[in-house]
Amino acid sequence: MFQVLDKFRQPIFVLIAGSILLALAFGIRHSFGIFLIPVSEKNLWGREVFAMGLAFQNLMWGIWQPFTGRISDKIGAGVVVVVGSILYSLGLFLMGFLTTKTGFVIASGILGIGISGVTFPIFGAISRSVTPEKRSVSIGIAMSSASLGQFIMLPASLVLLQSFGPALAFGILSVLTLIMLVLAVPMFEKPIQQTASQDLSLKEILTEAFSHKGFWLLCFGFFVCGFHILFIMTHAPAFLIDKGLSPQIGTIVLALIGLFNIFGTYYAGFLGAKIRKPLLLSSIYASRAVIILIFILFPVSNLTAYVFAALMGVLWLSTIPLTQGTITTVFGVKNMSMLYGIAFLFHQVGAFLGGWLGGKVYDVTGSYDIVWYISIALGVLGAVINYPIEEKTIARLDRQAA
């Protein structure tokens, strides 16, 4: 058995299995926006209920991510991927068949905990399986696979939704995610042997990170990313329907975001090995602000929606390899999953506000305009606070290298 595990622990198998896992995990969750109106109408809810469910889902994902990251840093990603797969499947099933407001929000939260086990711990496993010079590109490939999953799963989810209704569609997706249990096999890593000088206590790790100004700036910048992504992912299809476009257009828009993000994440990882990563992050947030401003100033049509999706797709998850890469460069790979999990918690707090605020503002005002302008202001803020981050290895790692 251990010989079989050793065979599948080879970097190529870790990268392939991890990429498919991420394609499923990200692809399915990115399809939830097309369920907003059907689920809300079926259960006679306002849009805030569904939005709150997804917001709570992302918040639970963010809260649990440092813990799943810490576990995967200590014993490998395999266990958290297995548990995460089970919770992911259970959460999807319950989201489809619980019809009370509280039940839907709780089910979404269970799914959020599951997502924390089948997403970013995988990046840690991939990072630990390859040599340092291949990390940035490997993470870019993995994130591109996640985007490909979004491109594939969105139209597939729409077909399920239109053919079987929201409840059964969620049920079918729940069964599909069980394939993650098989893909977890290469994630069972060999324990990393560390000397006493290398193996810091949890308190020392957190003190080191929290005393670093750049880490806080990175976290607050990631808050902006989360706000943008969940607001657009959850409410863009409904926004386009409100503007007179068909539900298929909303699905195509989210799928195009996933398609163009394949290139965006790959080249972000590629450029991150050559250009200062905080500078690239600053450029991404500034570009988002400009694209959103132009989009809402022009009349909404199929063409403007597609152009918006393509441009936003290039910038969609390209922040992830750059943020992870910066953390790895500054703090090393040993505790990357946990430290990235802390930064990601800020991302998910932003996601909570973006997802929930979109539904709340719409139910109160009948429009998403206020949240669009908040998104623009946050994009400018993200550009400003990422620019001064120094991508420099901390003194402890410099001494160890010497």
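Criteria and thresholds
- Residues numbered from 1 in each chain as written.
- Predicted model: local features only at pLDDT ≥ 70, side-chain atom pairs only at ≥ 80, totals over all residues.
- Heavy atoms only, no water.
- Helix = DSSP H or I, 4+ residues; strand = E, 2+ residues; numbered from the N terminus.
- Rg over C-alpha atoms; globule rule 2.2 N^0.38 Å.
- Buried < 20%, exposed > 50% of the residue type's maximum accessible area, 1.4 Å probe, protein only.
- Salt bridge = Lys/Arg side-chain N within 4 Å of Asp/Glu carboxyl O.
- 1 Å grid on protein atoms, 1.4 Å probe; cavity = no way out; pocket = protein on both sides within 12 Å on 5 of 7 lines; lining within 4 Å.
- Points joined across faces, edges and corners; volume = space filled by probe spheres on them.
- Phe/Tyr/Trp six-rings, centres within 6.5 Å; stacked < 30°, edge-to-face > 60°.
- Lys NZ or Arg CZ within 6 Å of the ring centre and 35° of its normal.
- Core = buried A, V, L, I, M, F, W, Y, C linked by side-chain atoms within 4.5 Å.
- Contact = heavy atoms within 4.5 Å.
- Axes fitted to C-alpha atoms, helices over the stretch in contact; angles between N-to-C directions.
- Parallel < 35°, antiparallel > 145°, perpendicular 65-115°, else oblique.
- Left-handed = near helix turned anticlockwise from the far one by under 90°.
- Nonpolar A, V, L, I, M, F, W, Y, C, P; charged D, E, K, R; others polar.
- Polar contact = N/O pair within 3.5 Å; in protein donor to acceptor, adjacent residues only side chain to side chain.
- Patch = residues over 30% accessible without salt bridge, like charges linked within 9 Å, V, L, I, M, F, W, Y side chains within 5 Å.
- Areas by Shrake-Rupley, 256 points an atom, 1.4 Å probe, with all protein chains shown as cover.
- Expected span 1.5 Å × (residues − 1).

Undergrad: Explain the overall build of the chain here, please?
TA: Counting its regular elements, the chain contains 18 helices and zero strands. For 402 residues, the compact-globule formula gives about 21 Å, and the C-alpha radius of gyration of the chain, at 20 Å, lands near that figure. Structurally, the chain occupies a C-alpha span of about 65 × 50 × 35 Å along its principal axes. In the chain, which comprises 402 residues, the proportion classed as buried is 59%.

Undergrad: So what exactly am I meant to see when it comes to the pattern of salt bridges here?
TA: As a working rule, side chains carrying opposite charge can pair if their charged atoms are close by. Across all of its chains, the model carries four salt bridges by this definition. The salt bridge involving Glu 391 is made with Lys 277; its shortest N-O contact spans 2.5 Å. In this pair, Glu 391 is assigned in the loop between helix 17 (369-386) and helix 18 (395-401) and Lys 277 in helix 13 (residues 277-297), connecting sequence segments 114 residues apart. Look at Lys 277 and you get buried, because its relative accessible area is 9%.

Undergrad: I'm lost on empty space enclosed by the protein in this one. Help?
TA: The method is simple in principle: a probe with the dimensions of a water molecule rolls over the atoms, and the space it marks as empty is what remains. What the rule picks out here adds up to five cavities of 30 Å³ or more. For the largest cavity, the calculated volume is near 80 Å³. Looking at the largest cavity, it is lined by 15 residues, and the ones nearest its centre are Arg 29, Trp 61, Ile 229, Leu 317 and His 347. Of all the elements in the fold, those that place two or more residues in the lining of the largest cavity are helix 2 (11-29), helix 4 (47-75), helix 11 (213-242) and helix 16 (336-365). Looking at which element gives the most residues to the lining of the largest cavity, the answer is helix 16, with four residues. Val 39, Lys 42, Asn 43, Trp 45, Met 95, Gly 96, Leu 98, Thr 99, Phe 104, Pro 166, Ala 167 and Phe 170 are the residues that line the second largest cavity. The set of elements that each furnish at least two residues to the lining of the second largest cavity consists of helix 3 (36-42), helix 5 (78-97) and helix 8 (132-176).

Undergrad: Would you explain the packing of aromatic side chains in this entry?
TA: How two aromatic rings sit relative to each other is given by the distance of their centres and the angle of their planes. In total, this model carries 32 aromatic pairs according to the counting rule given. Ring centres of Phe 295 and Phe 308 lie 4.1 Å apart, and the angle between their planes is 20°; on these two criteria the pair is classed as stacked. Residue Phe 295 is found in helix 13, and its partner Phe 308 is found in helix 14 (residues 302-315); the two are separated by 13 residues along the sequence. Aromatic ring contacts, followed pair by pair, group Phe 26, Trp 61, Phe 120, Phe 123, Phe 222, Tyr 340 and Phe 344 into a single cluster. Above the ring of Tyr 362, the side-chain terminus of Arg 47 is found at 4.0 Å from the ring centroid.

Undergrad: Would you take a moment to explain the nonpolar core for this structure?
TA: A general trend in soluble globular proteins is that nonpolar side chains are found buried together. Ranked by size, the top nonpolar core spans 121 residues in total, and within it Phe 35, Tyr 88, Met 187, Ile 232, Leu 240, Leu 339 and Trp 372 carry the most contacts. If one sorts the elements of this core by residue count, helix 11 sits on top with 18 residues. If we skip the residues at most four places from it in the chain, Tyr 88 touches Leu 24, Ala 25, Ile 28, Arg 29, Leu 111, Gly 114, Ile 115, Val 118, Thr 177 and Met 180.

Undergrad: Can you help me understand the packing of helix 13 against helix 15 (residues 319-331) in this one?
TA: Pairs of packed helices are described in terms of their axes, by the angle between the two and the distance that separates them. The geometry of helix 13 relative to helix 15 is characterised by a closest axis approach of 9 Å and an angle of 155° between their N-to-C directions. It follows from the interaxial angle that helix 13 and helix 15 lie roughly antiparallel. In this structure, helix 13 crosses over helix 15, and the sense of that crossing is left-handed. Facing Lys 277, Pro 278, Leu 280, Leu 281, Ile 284, Tyr 285 and Arg 288 of helix 13, the residues of helix 15 in contact are Thr 319, Leu 322, Thr 323, Gly 325, Thr 326 and Thr 329. Among the residues forming the contact of helix 13 with helix 15, the class breakdown is six nonpolar, five polar and two charged.

Undergrad: Before we go on, may I ask you to explain the packing of helix 4 against helix 7 (residues 120-129) in this structure?
TA: Running from N to C, helix 4 and helix 7 point in directions that differ by 30°, and their axes come no closer than 9 Å. As judged from the angle between their axes, helix 4 and helix 7 are roughly parallel. Here helix 4 runs over helix 7; the crossing is right-handed. Taking contact as the criterion, the partners of Trp 61, Gln 65, Thr 68, Ser 72 and Asp 73 in helix 4 are, on helix 7, Phe 120, Pro 121 and Arg 128.

Undergrad: Looking at this structure, I do not really get the environment of Ile 172. What am I missing?
TA: When you line up the elements, Ile 172 lands in helix 8. For Ile 172, a relative accessible area of 31% corresponds to the partly exposed category. In contact with Ile 172, other than residues within four places in its own chain, are Leu 160 and Phe 164.

Undergrad: What is the right way to look at the side chain of Ser 318 in this model?
TA: Inspection of the secondary structure assignment puts Ser 318 in the loop between helix 14 and helix 15. Among the polar contacts listed, one links the side chain of Ser 318 to the backbone oxygen of Val 314, at a separation of 3.4 Å. Non-local contacts of Ser 318, meaning those with residues more than four positions away in its chain, are made with Asn 261, Gly 264, Thr 265, Ala 268 and Ile 284.

Undergrad: Just to check I follow, could you spell out a nonpolar patch on the surface for this structure?
TA: Together, Ile 141, Phe 263, Tyr 266, Tyr 267, Phe 270, Leu 271, Ile 275, Leu 279 and Tyr 387 make up an exposed nonpolar region whose accessible area comes to about 780 Å². Take the nonpolar patch: its biggest share by element is five residues, from helix 12 (residues 247-272). With relative accessibility at 34%, the residue Phe 270 sits in the partly exposed group.

Undergrad: Help me out: how do you make sense of the side chain of Thr 328 in this one?
TA: Following the sequence through the fold, Thr 328 ends up in helix 15. A polar side-chain atom of Thr 328 sits 2.9 Å from the main-chain carbonyl oxygen of Gln 324.

Undergrad: Just checking my understanding: could you explain the environment of Asp 73 for this structure?
TA: Structurally, the position occupied by Asp 73 is in helix 4. Note: C-alpha distance between Asp 73 and Gly 124 (51 residues apart in sequence) is 7.4 Å.

Undergrad: Got a minute to help me understand helix 6 (residues 101-117) in this structure?
TA: An α-helical segment advances 3.6 residues per turn. Residues three or four places apart therefore align on the same side. A rise of 1.5 Å per residue sets the reference length of helix 6, with its 17 residues, at 24 Å; its end C-alpha atoms lie 25 Å apart and thus fit the reference within 8%. The element helix 6 is extensively covered by neighbouring structure, given that 12 of its 17 residues are classed as buried. All of the buried residues along helix 6 are Gly 103, Phe 104, Val 105, Ala 107, Ser 108, Gly 109, Leu 111, Gly 112, Gly 114, Ile 115, Ser 116 and Gly 117. Here the buried face of helix 6 lies against helix 2, helix 3, helix 4, helix 5 and helix 7.

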